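Inside the fold
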Amino acid sequence: MIRYISLLLVFILIGTSTISPALAKPTKARINVIAELSKKNPKQILTEKELFIVMVDVVAQYGEIPASYKYIKLENTGESSYSRLYQAYQKAVYLDILKASQIPLKLTGLATHKKMVELTNMFYGEKINGVTTVNGTVLTPIVKKLTYDDLLFYANNYINSRSGEAPIQNAGGFDILADVYQRLKTEHIDKDSMDDRALMYGAIKGMSEASWDKYTTFFPPAEATEFNGEINGEFEGIGAILDMSQPGELMITGVLPGSPAEKAWVFGGDQILKVDSYVVFTGSTVETVVPRIKWPAGTFVTLQVLRKGEKLDIKITRAKIKMELVTYTKIDSNTSLIKINSFGDGTIAGFRKAVESMESNGSKRVIIDLRNDGGGSVREVADILDYFVPTSAVKFTMKTLYSEEVLLSTGLDDHFKNKEIVILINEMTASASEIMVTSIQDYLPTQTKVVGKTSYGKGSAQQLYDYADGSSFKYTVAKWFSGKNKRTIDKVGITPDFDVELDLEKYRQGIDTQMDLAKSLRF
């Protein structure tokens, strides 16, 4: 069974977790990029721009990432979109080496060892000393000028100094996979304790992680059931949303209304230091912490959080949570608030009821809150856009490897034609939510304002294939573009018209600074 979805797996602590592929180290199989260049120009002195391009291509290895990286639009690079440096920037953003906001880099003059050290740290998160020793051989720093030969020498010694990585002998590798399986099942001392299905699921997960796409994920049956529940707003746990933008800094970015986390006085802005006895450290990831928090309803978890310099131990009782996909509130005689939490099965029904309530109340203004909405079903957001996009106009476009699918409006747009629309977004607004915002901006530019922080930037769509054993495979099959202007926000996000931070201290006191600005706008 195949389902078509557009998702950002927002890290709900009791819910979905994605596995972000580690940025590949420069193995010997990848050094051929430098080796080929070195054969042609061994003594050519590199500029900093050329060094950056080569290092990106070592990671990308000329084509391991899909050609869709070219859809990423970058502003203020000072480079032609056809230049090699611009394309290297696109690849770096696609591979999460750089954020779009970090571009352009300061790449001027000739390349030096110092610049190579700086880029190595940026790419791999490792600080390389000015002088290193490999097997007793001292590698002296290249201080002034760097050639392709120098770079090849450094790269080869760098990987040899790591874990003895060997060249891949068989690119296909299926015979190796089968051989490893047989050896584990016949020769390993603990072979009798190994589960066949667990070994296979582990191999499939590993293949998914190696795809370079953090949205491509394999879910064994239990995880698949949980994932499907989360799409539709059902899960067990504490109901908190978290993010790790810096290694070791695991932050709660929000809590769901009425959730165990909210009832235990957990707040957005709290930093998680410990989960029961597990200490969060620089090697921790969201994926390693989530399983320690998500357990069945009725069980307990103790979080140690850091709040305003004070360490607090908070005991929380997990519960089964059913999140309302859409909520409606009348703010005043002229203003309605529609909050969309996720685009799951039933979002369009909830939105339709909200619109009916808005119409009966005679509201002239509407605030649409998409903060912390990580996306969901393409079908649901497509149906909602009928309310904003003129009849037969393009709601948005999906581009796959083989085709271009255009979704046309059935035309229910009279509901919002004469209303002021304010849309709230933040860093966790993603995917289907971003499709909605960009297409509304395309068709209703003068009556729409966006408030909050730059959104996540996920312009891709995934297909979910369900297997007979209950497992599922989610993989990227398309890029989406806004309806009228064919705009993409992949890796870049939506920049709000009014950039305003959520003041967490005031939020704890019941004051929502982003919402207050949205309420006060008149245009």
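A look at the overall build of the chain
- Helix and strand counts for the chain stand at 15 helices and 23 strands.
- The contacts of the chain with a sequence gap of at least 6 include a subset with a gap of at least 24, amounting to 70%.
- Accessible area for the chain stands at about 24800 Å²; split by element, carbon and sulfur atoms hold 53% of it.

Some words on the packing of helix H2 (residues 48–60) against helix H3 (residues 84–94)
- At their nearest, the axes of H2 and H3 sit 9 Å apart, and the two run at 45 degrees to each other. Relative to H3, the element H2 is oriented oblique. Where H2 crosses over H3, the handedness of that crossing is left-handed. Side by side, H2 and H3 meet where Lys-49, Phe-52, Ile-53, Val-56, Asp-57 and Ala-60 of the first sit next to Arg-84, Leu-85, Ala-88, Tyr-89, Lys-91 and Ala-92 of the second.
- Its residues assigned to classes, the contact of H2 with H3 comprises 8 nonpolar, no polar and 4 charged.

Points about the side chain of Ser-439
- With respect to the helices and strands, the residue Ser-439 is situated in helix H13 (residues 432–443).
- Residue classification places Ser-439 among the buried residues on the basis of a relative accessible area of 1%.
- Setting aside anything within four residues of it in sequence, one finds Ser-439 in contact with Leu-385, Lys-395, Phe-396, Ser-482 and Gly-483.

Notes on the nonpolar core
- Membership of the largest hydrophobic core comes to 42 residues, with the highest contact counts inside it found for Ile-340, Phe-351, Phe-388 and Met-436.
- Of all the secondary-structure elements, those providing two or more residues to this core are strand S14 (335–340), helix H11 (347–361), strand S15 (365–369), helix H12 (378–385), strand S17 (394–399), strand S19 (420–425), H13 and strand S22 (472–482).
- At 6 residues, the largest contribution of residues to this core is made by H13.
- Other than its neighbours up to four places away in sequence, Ile-340 contacts Leu-325, Val-326, Thr-347, Phe-351, Ile-368, Asp-369, Leu-370, Asp-373, Ile-384 and Met-436.
- The next biggest cluster of nonpolar side chains, apart from the first, holds 37 residues, and it includes Leu-74, Tyr-89, Leu-105 and Met-116.

Some thoughts on the packing of aromatic side chains
- According to the stated counting rule, one finds 10 aromatic pairs in the structure shown.
- Ring centres of Tyr-201 and Phe-218 lie 5.4 Å apart, and the angle between their planes is 45 degrees; this geometry places the pair in the tilted category. Within this pair, whereas Tyr-201 is found in helix H7 (residues 196–209), its partner Phe-218 is found in strand S4 (residues 217–219), the two being separated by 17 residues in sequence. Here Tyr-201 and Phe-218 have matching classes, each one buried.
- Judged by centre distance (5.5 Å) and plane angle (75 degrees), the ring pair of Phe-351 and Tyr-387 falls under edge-to-face. Placement of the pair is Phe-351 in helix H11 and Tyr-387 in the loop between H12 and S17, with a sequence separation of 36 residues.
- We classify Tyr-387 as buried; its relative accessible area is 6%.

Some points on a nonpolar patch on the surface
- A contiguous nonpolar patch, built from Phe-174, Leu-177 and Met-207 and spanning about 340 Å² of accessible area, is present on the exposed surface.
- Here Met-207 lies in helix H7.

Topic: the sheet that holds strand S13 (residues 326–330)
- Spatially, S13-S14-S15-S19-S20-S23 is the arrangement adopted by the 6 strands of the open sheet, whose pairing is mixed. In this open sheet, the two strands that pair with only one neighbour each are S13 and strand S23 (498–499).
- In the sheet, S13 pairs with S14 via 5 bridges, with the strands oriented antiparallel. Bridged to Lys-330 within S14 is Ser-336.

Concerning the pairing of strand S20 (residues 448–452)
- The buried fraction of S20 amounts to 4 of the 5 residues, a majority that puts the element mostly inside the structure.
- In this sheet, S20 lies alongside S19 in parallel orientation, the contact comprising 5 bridges. Residue pairing for S20: Val-422 is matched across the bridge by Lys-449.
- Looking at chain direction, S20 and S23 are connected through 2 bridges and run parallel. From the neighbouring strand, Val-451 faces S23, where its bridge partner is Phe-498.

Quick notes on the environment of Ser-342
- Within the secondary structure, Ser-342 sits in the loop between S14 and H11.
- In this structure the C-alpha to C-alpha distance between Ser-342 and Asp-373, which are 31 residues apart in sequence, comes to 5.3 Å.

What to know about the environment of Lys-115
- Inspection of the secondary structure assignment puts Lys-115 in helix H4 (residues 113–124).
- On the basis of relative accessibility, which here comes to 9%, the residue Lys-115 falls in the buried class.
- Non-local contacts of Lys-115, meaning those with residues more than four positions away in its chain, are made with Glu-48, Leu-51, Lys-106 and Leu-107.
- Of note is the side chain of Lys-115, whose polar atom sits 3.4 Å from the backbone oxygen of Lys-106.

Notes on unusual backbone geometry
- Located in the positive-phi region is Trp-265, a residue other than glycine, with phi close to 65 degrees.
- Structurally, the position occupied by Trp-265 is in the loop between helix H9 (260–263) and strand S8 (271–275).
- Of note in this structure, Ser-392 is not a glycine but carries a positive phi near 70 degrees.
- Looking at the element boundaries, Ser-392 is found in the loop between H12 and S17.

Some details on the pattern of salt bridges
- If you walk through the whole model with that rule in mind, you get 22 salt bridges.
- Taking the shortest distance from any N to any O, the salt bridge between Asp-345 and Arg-379 comes out at 4.0 Å. Separated by 34 residues along the polypeptide, Asp-345 in the loop between S14 and H11 and Arg-379 in helix H12 bring together distant segments of the chain.
- Beyond isolated ion pairs, a larger network of salt bridges with shared partners links Lys-339, Asp-369, Arg-371 and Asp-512.

Quick notes on H12
- The element H12 is extensively covered by neighbouring structure, given that 6 of its 8 residues are classed as buried.
- Buried within H12 are the following residues: Val-378, Glu-380, Val-381, Ala-382, Ile-384 and Leu-385.
- Capping of H12 at its N-terminal end is provided by Ser-377; its side-chain oxygen lies 3.2 Å from the backbone amide nitrogen of Arg-379.

Points about the confidence of the model for the chain
- When the pLDDT values of the chain are averaged, the result is 81; 83% of them are 70 or greater.
- Every residue in residues 1–25 is under pLDDT 50, and counting partners more than four places away or in other chains gives 127 contacts.
- Segment residues 161–171: pLDDT under 50, and 9 contacts once partners within four positions in sequence are set aside and those in other chains are kept.

Some details on the packing of H11 against H12
- Two elements in contact, H11 and H12, have axes separated by 9 Å at closest approach and are oriented at 25 degrees. Between H11 and H12, the angle falls in the class roughly parallel. Classified by chirality, the crossing of H12 by H11 is right-handed. Residues Thr-347, Ile-348 and Phe-351 of H11 touch H12, and the partners they reach there are Glu-380, Asp-383 and Ile-384.

Reading the values: the criteria
Residues numbered from 1 in each chain as written. Predicted model: local features only at pLDDT ≥ 70, side-chain atom pairs only at ≥ 80, totals over all residues. Heavy atoms only, no water. Helix = DSSP H or I, 4+ residues; strand = E, 2+ residues; numbered from the N terminus. Contact = heavy atoms within 4.5 Å. Areas by Shrake-Rupley, 256 points an atom, 1.4 Å probe, with all protein chains shown as cover. Axes fitted to C-alpha atoms, helices over the stretch in contact; angles between N-to-C directions. Parallel < 35°, antiparallel > 145°, perpendicular 65-115°, else oblique. Left-handed = near helix turned anticlockwise from the far one by under 90°. Nonpolar A, V, L, I, M, F, W, Y, C, P; charged D, E, K, R; others polar. Buried < 20%, exposed > 50% of the residue type's maximum accessible area, 1.4 Å probe, protein only. Core = buried A, V, L, I, M, F, W, Y, C linked by side-chain atoms within 4.5 Å. Phe/Tyr/Trp six-rings, centres within 6.5 Å; stacked < 30°, edge-to-face > 60°. Patch = residues over 30% accessible without salt bridge, like charges linked within 9 Å, V, L, I, M, F, W, Y side chains within 5 Å. Salt bridge = Lys/Arg side-chain N within 4 Å of Asp/Glu carboxyl O. Pairing = 2+ DSSP bridges. Polar contact = N/O pair within 3.5 Å; in protein donor to acceptor, adjacent residues only side chain to side chain. pLDDT = per-residue confidence, 0-100.

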